[in-house]
Amino acid sequence: MPITYTSGEQIEVYRFSIPVTVGVPVLALFLQSFVPRRFPYFSYLDLPLLVTIFFAMARRNPISGLFTGAAIGLAQDMLGAYPIGIYGIAKTVVGYLASSLGAKLDVENAGARLLVTLGFYLVHAAVYFTVARGMVSLTLDWSWSRGILAGLANGFVGVGLYFVLDKFKQRT
Amino acid sequence: MESVLGRYRNLTILVGVLFLQVLGLAVQVKRSADAENTRLIRIWAVGVITPFERGLIWVQNSSHNVWHNYFFLRGVRAENRELKAQIEQMRLEQVRLSEDAAQAHRLQQLLAFKEQFIAQTVPAQVIGSSGSDLSRSIYIDKGSNDGIAPDMAVITAGGIVGKVLRAYPSTSLVLLINDQTSGVGAMLEKSRLQGVLQGTANGEVVLQRVMNDEQVAVGDAVLSSGGDQIFPKGLPVGTVTKVGAGKEMFLRIQVKPAADLSRLEEVLVVTQKQERLAIAEGAGRVRAADILAQRLPSVPDKPAVAASAPSSGSASATTQQISTPGAKPVQATTGTTQSATVTKPSGSPLAGNNSASSSAVSAPNAPAPPAAGALKKVVQKSSGEPGVNADSESAVRSQDGSAATSLSPPSNSAPSNSATSAVKPPVKQSKPASSEPVPQPPAAEDSPH
């Protein structure tokens, strides 16, 4: 059973040290900027999104999750070519939803994490495209095939990444 | 009210954070003309990330250089020989092409065309990218401190890459041509059809705005048209890979970029362009035919006979004479050399201004024609001076360009020489009373090379 509904008392809430809280998102942003230069297909991954989902679900606090998403998204916007705020809004929504979901569901196993990551990738893309086309008038085209494939790729990478990041969890 | 906010505290904060970001976004969109309104915070983000990228690139290049400069030198001699042979071939090809280019320049000059030249470029190294599959942009390690400014063209030896979107002090953000928001004025090389090159969601490059009744073939080369005022005209953009029906009445032409946009390492930023009228650069050019003529054996001088023959000045010379009005225009062509006489009114600009022709006159004791007189232009092929050839060319061009000119044998002077011996000028009529020594061209140097 990949996803189990548990009461709030049964779910453990984790916290992270400051170096991990700051260093992991910065490292994700750096890798996202640097690696596609050598491996173009790496750009299909969204490491900052995976980090947002992980921190939000681990902390299980909606406010913490939305601020984490906003900070990482805005930093990602600053490195990009488009106006600042598109990624920020999308990751804010994802951070809020992921932490809200994490507060209600136990998504510790790999299958649940894969599905959750795929779902949040699509939510992120939907918000991003809505804002980009509705507010900024960017002529972005959505491709379902590319979206699903990229979502699955992010899901599989996310499962591995979450397994590594689990090592930095600290019980409250 | 407080109870409502307390009950929906999380949601309220979410809405507040989203509202602030939407507000910030709206401000940026409204001030889109001023792209610098978010400059400071972008500099902070770039300043945090790019030093790591620079460091990694430095380490990577250092190890690469050590390998290539010390351990990877096998076969360099053989490669050097092959390259030298290629250079020889390319030199010959260059001579031919430069002649074509000079002709094109002359035509452009005639039509007062303006040309754009890449006057200055700054080499830069790619150190990063936006990292998103939704926006395709790269970071380079040169910024405003190096003279980089927004809207400068970025190219490689292969073709165009993109344009500078933002210039920071030591780095710059370059928008690639396969980004969905980019647009490049482009045209098809063969048909000269113009369109707009844009990126797609999948990172492909598509040439749009070409009518669907036009003939476009797969494999056609695409060049920059210069219409975007960013890329100079004629730079390679890519080749057509697929042609299909597009929206409305336009074709959807898929283009494979000439530059490998996914594996960029070094690029050139065009920091300075020049626009000037086309200048005919025929003067000083060496033609392929001249090079071959220098290498071929030629007929030696006849020094003794030269004294008796009037103005037998040049052994292997092409002689042009500008005669007075009234000279009978007759075309005379020898087997290998032409003796051309341009018939012009004496007051014609050609007669009056061609100092090179005047200096080359060698018509001793010939009856002086009125005004400019009979100008005999001796083109010393053997001298190898490019300027002389150019004079010859210009004279021939003037001759071709004027309806009043014609080729005729000399009537009152005798440009007969050994090389033009097939021409049978009326020697008796044109022979001067005394045969003064004629300035000899360096015919002795005309020995076979």
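See the structure above.
A. Seen up close, the overall build of chain A. Broken down by element type, chain A carries six helices and four strands. Counting across all 172 residues of chain A, residues that qualify as buried make up 58%. Nonlocal contacts in chain A, meaning residues at least 24 apart in sequence, comprise 74% of its contacts between residues at least 6 apart. Entry remark: accessible area of chain A is about 7,100 Å², with carbon and sulfur atoms responsible for 70%.

B. Quick peek at the side chain of Thr68 of chain A. Residues and elements named next belong to chain A. Looking at where Thr68 falls in the secondary structure, it is placed in helix α3 (residues 62-79). Engagement of the side chain of Thr68 in a polar contact is seen with the side chain of Arg59, the distance being 3.2 Å. Once residues lying within four places of it in the same chain are set aside, the contact partners of Thr68 are Phe55 and Arg59.

C. Spotlight on the packing of α3 of chain A against helix α2 (residues 9-30) of chain B. Two numbers describe how α3 of chain A lies on α2 of chain B: the axes approach to 9 Å, and their chain directions differ by 15°. With respect to α2 of chain B, the element α3 of chain A is oriented roughly parallel. Judged by the sense of rotation from one axis to the other, the crossing of α3 of chain A with α2 of chain B is right-handed. For the pair formed by α3 of chain A and α2 of chain B, the contact residues are Pro62, Ile63, Leu66, Phe67, Ala70 and Leu74 of chain A on the first element and Arg9, Asn10, Ile13, Leu14, Val17 and Gln21 of chain B on the second. A class-by-class count of the residues in the contact of α3 of chain A with α2 of chain B yields nine nonpolar, two polar and one charged.

D. Representation of the interface of chain A and chain B in the model. Of the residues lining the interface, 47 residues belong to chain A; the matching set on chain B comes to 50 residues. Where chain A abuts chain B, roughly 4,300 Å² becomes buried across the two surfaces, and 62% of that area is made up of carbon and sulfur atoms. When the area that chain A buries against chain B is broken down by residue, the three leading residues are Arg37, Leu79 and Ile84 of chain A, summing to 17%. At the boundary of chain A and chain B, one finds zero salt bridges. Counting across the chain A and chain B interface gives eight residue pairs in polar contact (both at pLDDT 80 or more). Every element with two or more residues in the side of chain A that touches chain B is listed here: α1 (18-34), α3, α4 (86-104) and α5 (110-134) of chain A. The element best represented in the side of chain A that touches chain B is α3 of chain A, accounting for nine residues. Within the side of chain A that touches chain B, the residues separate by chemical class into 33 nonpolar, nine polar and five charged.

E. Highlighting the packing of aromatic side chains. Residues and elements named next belong to chain A. Tallied over the entire structure, the rule returns eight aromatic pairs over all chains. Summarising the aromatic geometry, the rings of Phe54 and Phe55 are spaced 5.7 Å apart at their centres and angled 65° between planes, so their arrangement reads as edge-to-face. No difference in accessibility class separates Phe54 from Phe55, as the two residues are buried. Between Tyr128 and Phe129, the ring centres sit 6.1 Å apart and the planes meet at 65°, which makes this aromatic pair edge-to-face.

F. View of the sheet that holds strand β8 (residues 205-208) of chain B. Residues and elements named next belong to chain B. Spatially, β6-β7-β8-β11-β10-β9 is the arrangement adopted by the six strands of the closed barrel, whose pairing is antiparallel. Between one strand axis and the next, the sheet turns through 45° on average, direction left out of account. Where strand β6 (residues 184-188) meets strand β9 (residues 221-224), three bridges bridge the pair, whose relative direction is antiparallel. Counterpart to Met187 in the pairing with β9 is Leu223.

G. Layout of the environment of Leu188 of chain B. Residue and element names in this part refer to chain B. As for its placement among the helices and strands, Leu188 is situated in strand β6. Put simply, Leu188 and Leu207 are 19 residues apart on the chain and 9.4 Å apart in space, counted from C-alpha to C-alpha. Sequence-distant contacts of Leu188, defined by excluding residues within four places in its chain, comprise Leu193, Leu207, Val216, Asp220, Ala221, Val222 and Val240.

What counts, and where the lines are drawn
Residues numbered from 1 in each chain as written. Chains lettered and ligands numbered in written order. Predicted model: local features only at pLDDT ≥ 70, side-chain atom pairs only at ≥ 80, totals over all residues. Heavy atoms only, no water. Helix = DSSP H or I, 4+ residues; strand = E, 2+ residues; numbered from the N terminus. Buried < 20%, exposed > 50% of the residue type's maximum accessible area, 1.4 Å probe, protein only. Contact = heavy atoms within 4.5 Å. Areas by Shrake-Rupley, 256 points an atom, 1.4 Å probe, with all protein chains shown as cover. Polar contact = N/O pair within 3.5 Å; in protein donor to acceptor, adjacent residues only side chain to side chain. Axes fitted to C-alpha atoms, helices over the stretch in contact; angles between N-to-C directions. Parallel < 35°, antiparallel > 145°, perpendicular 65-115°, else oblique. Left-handed = near helix turned anticlockwise from the far one by under 90°. Nonpolar A, V, L, I, M, F, W, Y, C, P; charged D, E, K, R; others polar. Buried area = accessible area lost by both parts, 1.4 Å probe. Salt bridge = Lys/Arg side-chain N within 4 Å of Asp/Glu carboxyl O. Phe/Tyr/Trp six-rings, centres within 6.5 Å; stacked < 30°, edge-to-face > 60°. Pairing = 2+ DSSP bridges.

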